[in-house]
Amino acid sequence: MTDQIKLLEELQKIDARIEEHRQAAAAVPERLSSMRENLQRVENLLAEERARLAEAEKYHSEQERELRLEAEQIQKAKSKQQQVRNTKEYMAVTRELETLRKMSGDREEEVMKMIDAVEKSRASLGQHDVELTAMRQQVAGEEATARQSLAEMELAVAESRKARDALVARLRPDVLKAYKQIRMKRGLAVVPVRNGTCQGCNRTIRPQLLNQLQRGSELHTCPSCMRIIYFEEAPKT
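A brief structural summary. This one's a predicted model, so the numbers in the text were calculated from it and none came from an experiment.

Focus: the overall build of the protein chain
Each helix and strand counted, the protein chain has four helices and four strands in total. For 237 residues, the compact-globule estimate of 2.2 N^0.38 gives 18 Å, and the C-alpha radius of gyration of the protein chain, at 41 Å, exceeds that figure by more than 25%. The principal-axis extents of the C-alpha atoms in the protein chain amount to approximately 130 × 35 × 35 Å. Looking at the 237 residues of the protein chain, the share that counts as buried comes to 29%. Here the analysis covers contacts within the protein chain between residues at least 6 apart in sequence; of these, 71% occur between residues at least 24 apart. Carbon and sulfur atoms make up 50% of the accessible area of the protein chain, which totals about 16100 Å². Charged side chains of the protein chain number 42 positive and 39 negative; the gap between the two group centres comes to 7 Å.

What follows is the structure in structure tokens.
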């Protein structure tokens, strides 16, 4: 039975490697999905920033157009002021001119503020574009690395499965069946008994069972955790 236990140990190692590769491969799409979602979120934020800049530029253009119109109106009011013939008309045109100048001055101040805001927004957008480009390159690099890793893991799993099939062919059907059932329930199916203690559940093994394990003539399971157990010499200190 000792040879069967050794085969089971090797089978368990292979199954552990296959499971490790499987979990690692399963984690790759999730990690890439998270990165793509972050990238999409940044792209959306940048699109909103571009839209705000476009609105600001449009508003700035409208204000400059209004400023030009007001300048024309001021010139007309000045010309009109020079042509009036009485005090009443002169005062009315003067009030109109003052109002236009006040509106034009306020608008010019608003235009100057808009110029500053638009310039800052353009600079910010330019920096964010650079950062987005770098982020896209990073995601593309991660995707390429992930494809390579997945290919390597698939190859490793294929090789492990080939080695597993060779081992399974050497195992007794009843031993293999017991291993599969225990592994399905417990995960770890084969454990040593060291210093009289099961290494799967840390419970002490009865002396009679311990003697049977030392003989290695039969397949035994731990009475507590039901894992397949075998005797292992305690390391010498």
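Having seen the structure, we can now continue with the description.
Digging into helix α3 (residues 173-186)
Between its first and last C-alpha atoms α3 spans 20 Å; for 14 residues at 1.5 Å apiece the expected length is 20 Å, and the two agree. Burial in α3 covers these residues: Val-175, Leu-176, Ala-178, Tyr-179 and Ile-182. When α3 is viewed along its axis, its buried side chains cluster within an angular range of 160° and face the same direction. Away from its buried face, by an angle of more than 90 degrees, α3 presents the exposed residues Pro-173, Lys-177, Met-184 and Lys-185. Here the buried face of α3 lies against α1 (2-83), α2 (87-168), β1 (190-194), β3 (220-221) and β4 (228-232). After α3 finishes, the residue Gly-187 shows a positive phi value of roughly 85°.

Structural notes on the pairing of β4
Looking at chain direction, β1 and β4 are connected through five bridges and run parallel. Within β4, the position partnered with Pro-192 by the bridge is Tyr-230. Where β3 meets β4, two bridges bridge the pair, whose relative direction is antiparallel. Within β4, the position partnered with Thr-221 by the bridge is Ile-228. In this antiparallel pair of consecutive strands, β3 and β4, the connection spans six residues, and Met-226 shows a positive phi of 65°.

A short note on the pattern of salt bridges
Scanning the entire structure with this criterion turns up 14 salt bridges. Of the charged contacts, one joins Arg-172 and Asp-174 as a salt bridge, the two residues approaching to 2.7 Å between their closest N and O atoms. Taking the relative accessible area as the measure of exposure, Asp-174 reaches 43% and is therefore partly exposed. Notably, a salt bridge pairs Arg-194 with Glu-232, separated by 2.5 Å at the nearest N-O pair. Of the two residues, Arg-194 sits in strand β1 while Glu-232 sits in strand β4, which places them 38 residues apart along the sequence. Residue classification places Arg-194 among the partly exposed positions, given a relative accessible area of 27%. It is possible to trace a salt-bridge network through shared partners that takes in Asp-15, Arg-164 and Arg-183.

Some words on the sheet that holds β3
Taking strand neighbours across the sheet as the criterion, the four strands line up as β2-β1-β4-β3 in an open arrangement whose pairing is mixed. Each edge of the open sheet carries a strand with a single partner, namely β2 (197-198) and β3.

Rules of the game
- Residues numbered from 1 in each chain as written.
- Predicted model: local features only at pLDDT ≥ 70, side-chain atom pairs only at ≥ 80, totals over all residues.
- Heavy atoms only, no water.
- Helix = DSSP H or I, 4+ residues; strand = E, 2+ residues; numbered from the N terminus.
- Rg over C-alpha atoms; globule rule 2.2 N^0.38 Å.
- Buried < 20%, exposed > 50% of the residue type's maximum accessible area, 1.4 Å probe, protein only.
- Contact = heavy atoms within 4.5 Å.
- Areas by Shrake-Rupley, 256 points an atom, 1.4 Å probe, with all protein chains shown as cover.
- Lys, Arg positive; Asp, Glu negative; His and termini not counted.
- Charge placed at Lys NZ, Arg CZ, Asp CG, Glu CD.
- Expected span 1.5 Å × (residues − 1).
- Arc of directions from axis to C-beta.
- Pairing = 2+ DSSP bridges.
- Salt bridge = Lys/Arg side-chain N within 4 Å of Asp/Glu carboxyl O.

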